[in-house]
Amino acid sequence: MVEFDVLIKNATIIEGTDEKAYKGSIGVKGDKVEALGDIKGDAKKTINAKGLTATPGFIDAHSHADWTLLWFPRAESYVMQGVTTFVGGQCGGSPAPLGEHIRVPRLLSDHLPELDPYKFYPKQPYYPLEQVNEWMKEIFGWTLTWEDMEGYFKKVDEVGISMNYAPLVGHGSVRTKVMGLDYKRHSTEEEQAEMREHIHEAMKQGCIGMSAGLDYDPDVFAAHEEIIDGVSVLKEYNGVYCPHWRRTGRRRGIAAGHVPNEKITALMECVDVHNKTGVRLHYAHMSTGWQIYPTPPDELEAANVKATLDMITKDSNEELDITWDAIPRMTRSGFAVMPYLASLYSPWLRELGGLEEFAKWLKVKDFREEVKDAIQRGKWFIRVAYNPNTNPRWAENIHVLKSKVPGVDGKSIAQIAKERGADEWDTWLDIIAEDPHARGATGQLVPGACYLQYYTNPKGMVGLDTSVYDDKYQAKSPPYSFPGINTFSAYPLFFIKYVRDGSLFTVEEAVQKTATLPARVHNLEGRGVLKEGGYADIVLMNLPKLKVLSDEIETRRHPKGIEYVFVNGKVVVEKGTHTDARAGRVLKWA
C-alpha cells in the first residue's frame, strides 16, 4: 500500500495531455503527483472529489504580479480562481536589475502625488533608488534591498508566496540599469555589450526569457538592432522572447493629428527578431495588424484577425516557435476599471482635489476648453482606443455603467450624444458635471466571435495582463482605479462561457489554453499537466456550479466553485477558503 500525503478520490481528471477526461483518483506525495487513475493506498488527507473536475493549475502567460507580489504575497486574486503560476517581468519591466535610478514601484506610485506633487506626469520618469527607498521605508516599513534578479528571488522566498512565479528579465529594466536617465537615444556598442552581460547574468540566475516594452520608456527609444542584439543572448539558454510590440508608439505627446503606428509593421518587426536570432517568439496581448474605422462587421474583423495570424506565422517552422497570448474580453469591466467617467482626467482631479471640485469647474466654459486644449495638444495622454486625438470613433469606447443622470446607464458616450444631438466630448463632460461619481468603463464592447480566433488557433493562449491584489485594493489617488473582473474571475469565466455554457472548447481543450500551452511555451517542465512525477499544482472545481460573483460595478469578488487549489502539493484553497499556505516558488530556468 502506497502512502500518500493527499489522496483525491472520485474526481473527473483532465490531465492536460492527449488523454480524454476520466474518473479516477490522484495521489500526491510531497510536491509531486505520485499516481493517477485507479489507485489504492492510505493518505494523511483524503478528499472526496465526487462531482469535481481536477485540472492542472492555471498559468497566466502574461502578468505584472511581480510588481505587487511583495505587498500581496497570499496572491488571493489569483489562487482563489485557480491560478497557480504567473509569468512575470512583462512589457520590459522586471524587478531587477536595479541601477541608480528606477521606476517607482506600483504601490508606492499611488503616494507619489503627495510625496512629489505633479499635475500631468511625475517630475521624472525614474527616481533615485536612494530616494525611493526613503519613501518605501517611511510608508511600508521595508526597502528594495536587491540589485539583481537573484536578490529579488531571495526576497520573494523570504516573504513567502502562495503561488509560483516564472520570471522574465525586462529589457527596459536592463536598459535603465545601463543608460540611466540618458535613455532617449540609441545605445552605443559599449552600452549594448553591457546590456548583454546583464541579460546573461539574469538568465544564469534563473530567468526563463526576456520581455521588451516597445511602446514604453526606455525601450521605445531602442533601435531594432539593439533588440536583436539583446534577444540573441537567449538562444544558448533556450529562452523565450516576449515583446509588448510597438502597437501604439510612445504614449506621450499624442496631439491632435497624430498618426498611430502601423501595427502590422510592428508585428513583423518581432518576426524579424525571431528570424535573425532563432529565439522563440511569444507575443504579448495579441491584437490585429490593421485598425479598421468605423468598427467593422464581424465578417471583416474576422478576416483582419485571420490575415494577421497568417502573416506572422507564415514562416513558422515549429509548433511553438511563434506563439501569443490574448486578454479575455468577456465583460466591459474585464481588463480594468476606470472606475469613474472622470477618472481619465487625473491631472485635474489631482489639481483640484477630487471628483466634486472637477465637476464643479466643468460648468465653467473657459476651464472646460482648457482641459480639451491640453489633451488636444498632447499634454495628457488618453489610451488610443478612446482618445479623441487618435480614434475618430473614440466615443463608442467609453460606456456609462451607473449614473444619477437619467437615461444614460448602459450606453456609450456616442449613443448618448446622438440622442441629445450634442457634441460627443461635451456630452462626456456634461455627464461628469451632473454626476461626478458616475461609473464608467472603457474599451470596446465584448468582441464578437472573430476575437476568439486568438484562442482557437493552436498557437494562442490566455494572458490576463494584470497584477495580484486582495479584494480590498483601490488606488487612493486619481484615477482611483481598482482591478477589473479578469483579475479575480477570468479563468472561471473562461470555463463558464466557452466550455460549460458554450461550445467553443471541450474541457480538455480549455485546459490546454489555460495551463498546458503556457507551461510548454515558457519551459515550465512538470507544470500545466497532471502526470506521474509532475508537480502537484491542481485545481478542483465544481464546473456545473461555477459562478462569477463580480459584476461591472464591484469587480473584486472571488468566484464560487473553485473548491480546492494545490500549489506544489500543499492546499492553498480549501473548500473555497484561502488557507494562508505559502507554498509558491520562483520557477527558475534549469
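Residues numbered from 1 in each chain as written. Predicted model: local features only at pLDDT ≥ 70, side-chain atom pairs only at ≥ 80, totals over all residues. Heavy atoms only, no water.

Trainee: Which residues make up the pairing of strand β22 (residues 562–567), and what values go with them?
Mentor: Of all 6 residues in β22, 5 are buried, a share of seventy percent or more. Here β22 pairs with strand β23 (residues 570–574) via 4 bridges, running antiparallel. Bridge assignment links Val565 to a residue of β23, and that residue is Val573. Taken together, β22 and the strand that follows it, β23, pair antiparallel across an intervening segment of 2 residues, in which Asn568 is found at a positive phi of about 50°. (Buried < 20%, exposed > 50% of the residue type's maximum accessible area, 1.4 Å probe, protein only. Helix = DSSP H or I, 4+ residues; strand = E, 2+ residues; numbered from the N terminus. Pairing = 2+ DSSP bridges.)

Trainee: I'd like to hear about the environment of Ile416, residue by residue, with values.
Mentor: Within the secondary structure layout, Ile416 lies in helix α14 (residues 413–420). When the C-alpha positions of Ile416 and Thr442 are compared, they lie 15 Å apart, and in sequence the two are 26 residues distant. The contact partners of Ile416, leaving out residues within four places of it in the chain, are Val400, Val408, Lys411, Thr427 and Ile431. (Contact = heavy atoms within 4.5 Å.)

Trainee: An account of the nonpolar core is needed here, citing residue identities and associated values.
Mentor: One finds Tyr241, Tyr283, Phe494 and Phe495 to be the most contacted residues of the largest nonpolar core, which totals 114 residues. Per-element tally for this core: the top contributor is helix α17 (residues 485–500), with 9 residues. Listed in part, the 36 residues of the second largest apolar core include Tyr345, Ile375, Trp380 and Ala438. (Core = buried A, V, L, I, M, F, W, Y, C linked by side-chain atoms within 4.5 Å.)

Trainee: Please give an account of the sheet that holds strand β7 (residues 83–88) that cites residues and values.
Mentor: Taken in spatial order, the 3 strands of this open sheet run β6-β7-β10, and their pairing is parallel. The open sheet terminates on both sides in strands that have one partner only, identified here as β6 (58–60) and β10 (164–167). Mean inter-strand twist for the sheet, computed between neighbouring axes without regard to direction, equals 20°. Judged from the 3 bridges that link them, β6 and β7 form a sheet pairing that is parallel. The residue of β7 that forms the bridge with Asp60 is Phe86. (Axes fitted to C-alpha atoms, helices over the stretch in contact; angles between N-to-C directions.)

Trainee: Please set out the pattern of salt bridges residue by residue, giving values where relevant.
Mentor: Within this structure, the stated rule accounts for 34 salt bridges. A salt bridge links Lys472 to Asp471; its shortest N-O distance comes to 3.0 Å. Within this structure, Arg368, Glu369, Lys372, Asp426 and Asp430 form a network of salt bridges that share partners. (Salt bridge = Lys/Arg side-chain N within 4 Å of Asp/Glu carboxyl O.)

Trainee: Any chance you could break down the side chain of Glu269 for me, citing the residues and the numbers?
Mentor: Along the chain, the position of Glu269 falls in helix α9 (residues 263–277). Polar contacts involving the side chain of Glu269 include one to the side chain of His224, which spans 3.4 Å. With sequence-adjacent residues up to four places away left out, Glu269 is seen in contact with Leu214, His224 and Arg246. (Polar contact = N/O pair within 3.5 Å; in protein donor to acceptor, adjacent residues only side chain to side chain.)

Note that all results are geometric; they support no functional claim without further evidence.
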